Amino acid sequence: QGTGIALSPIEVDGSQPVEVTSDSLTVEQDSNSATFEGNARVVQGELIFSANRIRVHYNAAQSAIERIEATTNVMFTNGSEIAEAQSGTYIVGSGTVNLAGDVVLVQGVNAISGDALSLDLNSNRGTMNGNVKTVFVPKTDQ
Amino acid sequence: MESQEPTVGVAERDGYSRLVRVLKWVFPILALLLMASIFVLSNTSKLREGLIIADATLAELAVGQKITNPHFSGVTKSGDAFSISAEWALPDGVKPQHVELNKPRATISFQNGNTMRTNAGAGALDLVSSTAALTENVDLHTTNGYTATSSNLEVNFETGNITSNGPVHAEGPIGSIDSGAMELRQDLDVNPAGRAVLMFNNGVKLIYKPKKK
């Protein structure tokens, strides 16, 4: 039984441009996939999603993304909160995200770490499993 | 059993992380990726079939000196009308192996109603290796609003492979792609069904511009 994470949805400003940068991009028609390799970063306003490699798998009809895999130095931030892990997979259909490997979730002074974090985007709930530790950094009056 | 000091309550009270919605905006990237393939993935194999017919007509036409306003057109096996023209063409002999083109232009009208126009400052057709090198600013336009530019483009009609070793910029209604180089590998000679891999190298930047509400 892992540690429950309650996630409150944030309103993303959908009108802001999304910028994706990486060292290279390979689009493979056969495997319906596109791989951003090397310093892959996706940015929209304050939101940043980065990893050494981000691979996007889309369905055969090329009409929707099925799965996104991020490997090595995976990081999400919305400018105030940060999630880090060694790998991450986002299954679009079920709305689940699994982060694995030295997962750290930081919000303000609270940080929670563990081996794996699974998030359900529909219920906005998540569970951290394995060596779960919560770290409090008492607020010091700078 | 792993050590589990923290209590669940902690997460709830702080309304923990609101990163999750972040993922919802990753969707548009697919639209950009498809835009990248609009130019190249489907078109080259059709062009390949057409141009082989065209080379034959060019060969008959050549008489070893400069031909002004050469123009030839045809229909590819898959039924797309194409036309190729230039300010002038200079075959290197009666039985030409190389043809120099000035301001080459190619237009392909696809059956789906979309038309792609390509033009360049200069071009060189190599009828032996069945390749065309387009130089001096190559640009492509499609009637559904996409444009692409590159400093040079090497097209191999046998393999369907296209390379631009200089910067490439592509733009459409939904956004733009820039990269330091680009390569499309289809190897149609080895794999006629085509196993298209499109690579953008030397740094890539995609910008997706959401539609204004």
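Residues numbered from 1 in each chain as written. Chains lettered and ligands numbered in written order. Predicted model: local features only at pLDDT ≥ 70, side-chain atom pairs only at ≥ 80, totals over all residues. Heavy atoms only, no water.

Draft legend 1. Up close: the overall build of chain A. For chain A, the count of helices and strands is zero helices and eleven strands. Listing every helix and strand of chain A by position from the N terminus yields β-β-β-β-β-β-β-β-β-β-β. Counting only residues that meet the buried cut, chain A has 46% of its 142 residues in that class. Long-range contacts, defined as pairs at least 24 residues apart, comprise 32% of the intrachain contacts of chain A with a sequence gap of at least 6. By element, 51% of the accessible surface of chain A is carried by carbon and sulfur atoms, the whole surface being about 6300 Å². (Helix = DSSP H or I, 4+ residues; strand = E, 2+ residues; numbered from the N terminus. Buried < 20%, exposed > 50% of the residue type's maximum accessible area, 1.4 Å probe, protein only. Contact = heavy atoms within 4.5 Å. Areas by Shrake-Rupley, 256 points an atom, 1.4 Å probe, with all protein chains shown as cover.)

Draft legend 2. Expanded view of the pattern of salt bridges. Applying the stated rule across the entire model yields six salt bridges over all chains. Between Glu28(A) and Arg55(A) there is a salt bridge; the shortest N-O distance is 3.5 Å. Of this pair, Glu28(A) sits in strand β3 (residues 24–28) while Arg55(A) sits in strand β5 (residues 47–58), and the two are 27 residues apart along the sequence. On the basis of relative accessible area, Glu28(A) is assigned to the partly exposed category, the value being 23%. Of the charged contacts, one joins Glu183(B) and Arg185(B) as a salt bridge, the two residues approaching to 3.0 Å between their closest N and O atoms. (Salt bridge = Lys/Arg side-chain N within 4 Å of Asp/Glu carboxyl O.)

Draft legend 3. Inspection of unusual backbone geometry at higher detail. All names here are of chain A. One non-glycine residue, Asn 39, lies in the positive phi region at around 50°. You can see Asn 39 is positioned in strand β4 (residues 33–44). You can call Asn 39 exposed: its relative accessible area is 54%. With a phi angle near 50°, Asp 102 is a residue other than glycine that sits in the positive phi range. Here Asp 102 shows up in strand β8 (residues 96–107).

Draft legend 4. The environment of Ala61(A), seen in detail. Residues and elements named next belong to chain A. Looking at where Ala 61 falls in the secondary structure, it is placed in the loop between β5 and β6 (65–77). Given the relative accessible area of 61%, Ala 61 is considered exposed. C-alpha of Ala 61 to C-alpha of Ser 31: the two residues are 30 residues apart in sequence and 12 Å apart in space.

Draft legend 5. Expanded view of the pairing of strand β9 (residues 110–120) of chain A. All names here are of chain A. Across ten bridges, the pairing between β8 and β9 is antiparallel. If you follow Ala 100 over to β9, its bridge partner there is Ala 116. The hairpin formed by β8 and β9 contains two residues between the paired strands, and Gly 108 there has a positive phi angle of roughly 55°. Relative to strand β11 (residues 133–136), β9 runs antiparallel, the two being bridged by four bridges. Considered in β11, the bridge of Ser 113 is made with Lys 133. Linking β9 back to strand β10 (residues 125–129) in an antiparallel pair, the connection comprises four residues, with Asn 124 at a positive phi of about 55°. (Pairing = 2+ DSSP bridges.)

Draft legend 6. Seen up close, the confidence of the model for chain B. Residue and element names in this part refer to chain B. Summary statistics for chain B give a mean pLDDT of 71 and a share of 66% for residues scoring 70 or more. When mean pLDDT is taken per element in chain B, strand β16 (residues 197–208) scores highest with 91 and helix α1 (residues 8–14) scores lowest with 34. Ignoring residues within four places in sequence, the model shows residues 1–31, a span with pLDDT below 50, making 93 contacts including any to other chains. Low confidence marks residues 37–45, where pLDDT is under 50. Its contacts with residues over four positions away, or in another chain, come to 27 contacts. (pLDDT = per-residue confidence, 0-100.)

Draft legend 7. View of the side chain of Thr118(B). Residue and element names in this part refer to chain B. Structurally, Thr 118 can be placed in strand β7 (residues 115–119). Of the residues examined, Thr 118 reaches a relative accessible area of 12% and is grouped as buried. Excluding its chain neighbours within four sequence positions, the residues that come into contact with Thr 118 are Pro 104, Arg 105, Ala 106, Leu 134, Val 138, Asp 139 and Leu 140.

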